[in-house]
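Spelled out, the chains give:
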Amino acid sequence: MSFLIVANWKMNGTRSLFVDFINKLNNKSNGITSKIVVCPPFTSLPDAIELSDNINIGAQNCHHKKYGSYTGEVSARMLKELECTYVILGHSERINETDSEIKLKSEIAIESGLHPIICVGENAENYKSRRTKEVIVYQCKNRLLTHSEYTVAYEPLWAIGTGYVPSNDEIAEVIEVIKSCIGEKQVIYGGSVSLENIGSLLRISNLSGVLIGSASLDFDYFYKIIQQVEETYNSEISN
Ligand code: PEP
C-alpha cells in the first residue's frame, strides 16, 4: 500500500494561492507513488477538484446529519456531489465536537461515498500524566467504527503546530493500541511534521502516512517532504 500524505490547509490561503499549489502539484505528480490528499478550505474545493489530476481532494469537516436546518453547515452528500473523495473528521481544532458526533459524521461520510480520516489524540495534560493509552482506547471505543473503511490519524493535541513530536516508539505504541481496538486499519501520524523530522518518522514500521498542517502551505517545502517520502519509504518497500 502506498504511503498516504495528507495536507490540511485549515483556514489559510486564498483561491489563487490554492490554484497555483494544485497546478504545481499536477506538474510534478507524474511518477509519485505516494497517495496525496489535499484538504483546502471549503471555498477552494470546486477549483481543486476541477484542476487536480492524480491528487485526491478532501474536505476538513462535514455535518453529522444528512440534511436539515443547520445554517452554515455542509453535508457529506454535498461534498460527494462536488466529487470530493476524503474528509477529515474530529480534528482537535474543531472544539466541542463529541465522540458520538464524530462517529455519526463518519457513518454518514462513508454512506455518502467519502473516505474519512478520523483524528484521535491525547492532550498535553494526559500525555504528561502518562494517560495516553487510556485516552486513545476510550476514543477508539467511542468515536471509531468497527467494520468500515477509513483511516485513523493519531494527532496528539500537544504536537499540533508546536514543533514538538512524540518519539518514534511512542507513536508506534499508539498505532498498536489503535489497531488492537479496531483491527487492521491504515493509521497515519499528524503533529508538527516537517522536513526535519520526516526522515525519522519514516522509520516507524507500522506508520501508513502523515497528516501535515503548516508544513503543507508552501508548495516547495511540501514537495520536498513528498520527495523525501518517495526516496525513503517507497524505495524501502520495493526492496
Ligand atoms: C494538523 O492540522 O492536523 C496538523 C498536524 O498541523 P501541524 O502539522 O501544523 O502541526
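Provided above is the structure to which this section pertains.
Keep in mind that this is a model prediction, so the values were computed, not measured. (Residues numbered from 1 in each chain as written. Predicted model: local features only at pLDDT ≥ 70, side-chain atom pairs only at ≥ 80, totals over all residues. Heavy atoms only, no water.)

*Asks:* Run through the sheet that holds strand β2 (residues 35-39), naming residues and quoting values.
*Replies:* Within the closed barrel, the eight strands sit side by side as β1-β2-β3-β4-β5-β6-β7-β8. Their pairing is parallel. Ignoring strand direction, the axes of neighbouring strands in this sheet form an average angle of 25 degrees. Pairing of β2 with strand β3 (residues 56-59) involves two bridges; the strand directions are parallel. Note that in β3 the partner of V38 across the bridge is I57. (Pairing = 2+ DSSP bridges. Helix = DSSP H or I, 4+ residues; strand = E, 2+ residues; numbered from the N terminus. Axes fitted to C-alpha atoms, helices over the stretch in contact; angles between N-to-C directions.)

*Asks:* Tell me about the pattern of salt bridges, and name the residues and values.
*Replies:* Evaluation of the coordinates by the stated rule reveals nine salt bridges. A salt bridge links R15 to D47; the shortest N-O distance between them is 2.7 Å. Of this pair, R15 sits in helix α1 (residues 15-28) while D47 sits in helix α2 (residues 45-51), and the two are 32 residues apart along the sequence. Between E134 and R131 there is a salt bridge, and its shortest N-O distance comes to 2.9 Å. Within this structure, R94, E97 and K105 form a network of salt bridges that share partners. (Salt bridge = Lys/Arg side-chain N within 4 Å of Asp/Glu carboxyl O.)

*Asks:* Run through the site of the ligand, naming residues and quoting values.
*Replies:* Neighbouring residues of the ligand: 14 residues in total, closest K10, H91, E155, G161 and S192. The separation between an oxygen atom of the ligand and a polar side-chain atom of N8 is 3.2 Å. Between the ligand and H91, the relevant distance is 2.7 Å, taken from an oxygen atom to a side-chain nitrogen or oxygen of the residue. Relative to its unbound accessible surface of 290 Å², the ligand loses 99% to contact with the protein. Residues that form the shell around the ligand fall into these classes: four nonpolar, eight polar and two charged. (Near = heavy atom within 4 Å. Polar contact = N/O pair within 3.5 Å; in protein donor to acceptor, adjacent residues only side chain to side chain. Areas by Shrake-Rupley, 256 points an atom, 1.4 Å probe, with all protein chains shown as cover. Nonpolar A, V, L, I, M, F, W, Y, C, P; charged D, E, K, R; others polar.)

*Asks:* Describe the layout of surface pockets, naming the residues involved and giving the relevant values.
*Replies:* Of the pockets and cavities examined, the largest pocket occupies roughly 320 Å³. In terms of lining, the largest pocket is formed by N8, K10, M11, P40, P41, F42, Q60, N61, I88, H91, E93 and R94. (1 Å grid on protein atoms, 1.4 Å probe; cavity = no way out; pocket = protein on both sides within 12 Å on 5 of 7 lines; lining within 4 Å. Points joined across faces, edges and corners; volume = space filled by probe spheres on them.)

*Asks:* Talk me through the packing of helix α4 (residues 99-111) against helix α6 (residues 132-143); I want residue IDs and the actual numbers.
*Replies:* At a closest axis distance of 8 Å, the pairing of α4 and α6 adopts a crossing angle of 50 degrees. On the basis of the axis angle, α4 is oblique to α6. Between α4 and α6, the contacting residues are D99, S100, I102, K103 and S106 on the first element and Y138, K141, N142 and R143 on the second. Of the residues belonging to the contact of α4 with α6, the class tally is two nonpolar, three polar and four charged. (Parallel < 35°, antiparallel > 145°, perpendicular 65-115°, else oblique. Contact = heavy atoms within 4.5 Å.)

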